[in-house]
Amino acid sequence: MTDGQPRAITGHTELLGLIAYPIRHSMSPRMHNLALAKLDLDYAYLAFEVDSDALAESVAGLRALRVRGWNVSMPNKIAIIPLLDHLSPAAELVGACNTVVNDNGVLTGHVTDGTGYMTALRESGVDPAGKRITLIGAGGAGTAIAIQAALDGVAEIDIYNRRDAVWSIGESTVEKIRTHTNARATLRELDDVDAFRESVAGSVVLANATNVGMGKLVGVSPLPALDVLRPDLFVSDVVYSPARTLFLEQAEAAGCATMNGFGMMLHQGAAAFELWTGQPMPVDYVRAHLF
Ligand code: NAD
């Protein structure tokens, strides 16, 4: 460890990065560069605005330049899959990739969003292995969480979503969990309040994996019924900006312990960092210095 001053960039410095659009708001460059400087590792991490139309060309360039690795965010998480040589078992199952490792031109795709969420949950003192969880949201974040929860031994995953374009992704996630893991998974409509009450009553965790509560939906909660909240229920949100969504405020008012999406973001980054550098990210240091 060092005092955290970044190394001077030289001819030996290796590149890491992030390809997404839009991306200038991302915390990842600051997070990774803080960790690299703390460990005195000779890499620099940059954000590149890459939209779908420039994805194939960008990946070919990153491969040819032997860029050691990069994160992938929207709109590229699914579209990048055919451009890669190998996939981790979790990325294969989720059907998306947020981290690429480049071993001398051979590209392996990983997905660390689900492990990031599960690590953050355990860090908060909650291990749902062998138990039941209720998950609102079957999109990208929801799929990664549901599949990793199943791989980590969660017994039952009750997923709720609106009947929108994401519904069929939820159906496919339930089928993947059924055929590839020992977990039981169901998908139901978010406005099926009786089923939702029954699910949450049997669950140790209630998780929001939708974007409800951020952006244009700040001040909106995805919760279809407030009376499901009870003090021994752990409630989490994937959203971290704002740090306290209305959903988490409702849970706190009912006496629930809560977790926002910051821990998931930190630990998905930590998992990627270790894949590229072989070193664990100094997460406590990064957490203390990121803001
Ligand atoms: P997505 O577009 O794939 O899915 C969006 C989800 O929100 C779907 O389930 C959709 O049905 C639901 N939804 C949208 N509007 C709704 C409404 N009005 N009522 C009920 N449900 C509604 O998006 P995604 O990639 O899964 O991202 C979801 C959220 O997760 C975003 O806020 C994103 O920033 C966050 N996220 C956080 C992390 C992290 O590390 N903390 C990682 C990935 C994503």
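Cut-offs and rules
- Residues numbered from 1 in each chain as written.
- Predicted model: local features only at pLDDT ≥ 70, side-chain atom pairs only at ≥ 80, totals over all residues.
- Heavy atoms only, no water.
- Helix = DSSP H or I, 4+ residues; strand = E, 2+ residues; numbered from the N terminus.
- Rg over C-alpha atoms; globule rule 2.2 N^0.38 Å.
- Buried < 20%, exposed > 50% of the residue type's maximum accessible area, 1.4 Å probe, protein only.
- Contact = heavy atoms within 4.5 Å.
- Areas by Shrake-Rupley, 256 points an atom, 1.4 Å probe, with all protein chains shown as cover.
- pLDDT = per-residue confidence, 0-100.
- Phe/Tyr/Trp six-rings, centres within 6.5 Å; stacked < 30°, edge-to-face > 60°.
- Pairing = 2+ DSSP bridges.
- Axes fitted to C-alpha atoms, helices over the stretch in contact; angles between N-to-C directions.
- Near = heavy atom within 4 Å.
- Polar contact = N/O pair within 3.5 Å; in protein donor to acceptor, adjacent residues only side chain to side chain.
- Nonpolar A, V, L, I, M, F, W, Y, C, P; charged D, E, K, R; others polar.
- Salt bridge = Lys/Arg side-chain N within 4 Å of Asp/Glu carboxyl O.

Could you clarify how one ought to interpret the overall build of the protein in this entry?
Secondary structure summary: the protein contains 10 helices and 12 strands in total. Relative to the globule expectation of 19 Å for 291 residues, the C-alpha radius of gyration of the protein, 19 Å, shows essentially globular dimensions. C-alpha atoms of the protein, sized along the principal axes, occupy 60 × 40 × 35 Å. Residues counted as buried form 53% of the 291 residues belonging to the protein. Contacts spanning at least 24 positions in sequence make up 70% of the contacts within the protein whose residues lie at least 6 apart. For the protein, the exposed surface amounts to about 12900 Å²; the carbon and sulfur share of it is 54%.

For this particular structure, what's the right way to read the confidence of the model for the protein?
Fine structural detail should not be taken from predicted coordinates in areas where pLDDT scores are low. With 100% of its residues at a pLDDT of 70 or more, the protein shows a mean pLDDT of 97. With a pTM of 0.96, the predicted complex shows an ipTM of 0.99.

Mind showing me how you'd approach the packing of aromatic side chains here?
Remark: the centre distance and the inter-plane angle together describe each pair of aromatic rings, the angle taken between the planes. In total, this model carries 2 aromatic pairs according to the counting rule given. Consider the rings of Y45 and W276, whose centres lie 6.1 Å apart with planes at 50°: the pair is tilted. Taken together, the residues Y45 in strand β2 (residues 43–49) and W276 in helix α9 (residues 262–277) connect sequence positions 231 residues apart. Each member of the pair, Y45 together with W276, is buried. With 5.0 Å between their ring centres and 85° between their planes, Y160 and F196 make a pair best called edge-to-face. Placement of Y160 in strand β8 (residues 156–161) and of F196 in helix α7 (residues 193–201) is noted, with a sequence separation of 36 residues between them. Like Y160, the residue F196 is buried in the burial classification.

Is there a simple way to think about the sheet that holds strand β12 (residues 257–259) in this case?
Where strands meet in a sheet, backbone hydrogen bonds hold them as pairs that are either parallel or antiparallel. Strand order across the open sheet formed by 6 strands is β9-β8-β7-β10-β11-β12, with parallel pairing between neighbours. Two strands close off the open sheet at either side, each with one partner strand: β9 (184–189) and β12. Direction aside, the axes of adjacent strands within the sheet are offset by 20° on average. For strand β11 (residues 234–237) and β12, the ladder comprises 3 bridges, and the chain directions are parallel. For F234, the partnering residue across the bridge sits in β12 and is A257. Sitting on the sheet, helix α6 (residues 167–180) touches β8 and β9, and the angle it makes with β9 is about 165°.

Would you mind going over the site of the ligand with me for this structure?
Residues in contact with the ligand amount to 21 residues; listed here are only the nearest, G140, A141, N161, D164 and M214. Between the ligand and the protein, one listed contact pairs an oxygen atom with a side-chain N or O atom of D164 at 2.6 Å. Contacts to the ligand include G261, whose backbone N or O atom sits 2.9 Å from a nitrogen atom. For the ligand, whose accessible area on its own is 850 Å², the fraction buried by protein is 77%. Counting residues per element, the ones that place at least two in the shell around the ligand are α5 (140–151) and α9. Looking at the shell around the ligand residue by residue, the class counts come to 11 nonpolar, 7 polar and 3 charged.

It is not clear to me how the pattern of salt bridges should be interpreted in this structure. Could you clarify?
When the charged atoms of two side chains lie near each other, side chains of opposite charge can form a pair. According to the stated counting rule, one finds 22 salt bridges in the structure shown. Between K77 and D113 there is a salt bridge, and its shortest N-O distance comes to 2.8 Å. On the criterion of sequence distance, the pair formed by K77 in the loop between β3 (69–72) and β4 (86–87) and D113 in helix α4 (residues 113–123) is long-range, its members being 36 residues apart. Given a relative accessible area of 11%, D113 falls into the buried group. Its salt-bridge partner being D158, residue R132 comes within 2.9 Å of it at the nearest N-O pair. Note that R132 is positioned in strand β7 (residues 132–136) and D158 in strand β8, a separation of 26 residues in sequence. As far as the burial class goes, R132 and D158 line up, both buried.

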